[in-house]
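Commentary on secondary and tertiary structure
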Amino acid sequence: MPLQNHLVELERKHRALEREIQDALNSPSMDDMRLAELKRKKLQLKDEISRLRSSDTAVH
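Turning to the overall build of the protein chain, a few remarks are in order. Each helix and strand counted, the protein chain has two helices and zero strands in total. Relative to a compact globule of 60 residues, whose C-alpha radius of gyration would be 10 Å, the protein chain shows 14 Å and is clearly more extended. Considering only C-alpha atoms, the protein chain reaches an extent of 50 × 15 × 15 Å along its principal axes. Burial status across the protein chain gives 18% buried among its 60 residues.

Okay, structure coming up:
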């Protein structure tokens with residue numbers, strides 16, 4: 001998969017997690033462990049996106 005397509009997919013997943021986190025925060029019965037897991041996954045995606053962008057910039 002070309003790098004740009006991979007970045008687009010990671011960004012899509014990041015936005016989906018953001019929506020899921022916001023929905024969870026608006027839910028009175030939100031499980032704190034589940035929320036922490038969603039935030040951890042979102043941060044991992046953000047880190048990977050940043051890493052790929054910086055490596056792509058270094059190549060060009």
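What follows covers the environment of L10. With respect to the element layout, L10 can be found in helix α1 (residues 3-25). L10 sits in the buried class, given a relative accessible area of 5%. With 34 residues separating them in the primary sequence, L10 and Q44 have C-alpha atoms 10 Å apart. Not counting residues within four places of it along the chain, the set of residues in contact with L10 comprises L45, E48, I49 and L52.

L7, L10, L17, I21, A24, L35, L38, L45, I49 and L52 form the largest nonpolar core, which has ten residues in total. Those elements that provide at least two residues to this core are α1 and α2 (32-59).

What follows covers the environment of H6. Summarising the element assignment, H6 is placed in helix α1. Among the residues examined, H6 registers a relative accessible area of 27% and is labelled partly exposed. As for H6 and R19, which are separated by 13 residues in sequence, their C-alpha atoms are 20 Å apart.

Another point: the pattern of salt bridges. Applying the stated criterion across every chain yields a total of six salt bridges. We note a salt bridge from R12 to E9, for which the minimum N-O separation is 2.5 Å. Remark: E9 and R12 occur in helix α1; sequence separation between them is three residues, near one turn of the helix.

Thresholds applied
- Residues numbered from 1 in each chain as written.
- Predicted model: local features only at pLDDT ≥ 70, side-chain atom pairs only at ≥ 80, totals over all residues.
- Heavy atoms only, no water.
- Helix = DSSP H or I, 4+ residues; strand = E, 2+ residues; numbered from the N terminus.
- Rg over C-alpha atoms; globule rule 2.2 N^0.38 Å.
- Buried < 20%, exposed > 50% of the residue type's maximum accessible area, 1.4 Å probe, protein only.
- Contact = heavy atoms within 4.5 Å.
- Core = buried A, V, L, I, M, F, W, Y, C linked by side-chain atoms within 4.5 Å.
- Salt bridge = Lys/Arg side-chain N within 4 Å of Asp/Glu carboxyl O.

Fair warning: the whole summary comes from geometry, so function is off the table for now.
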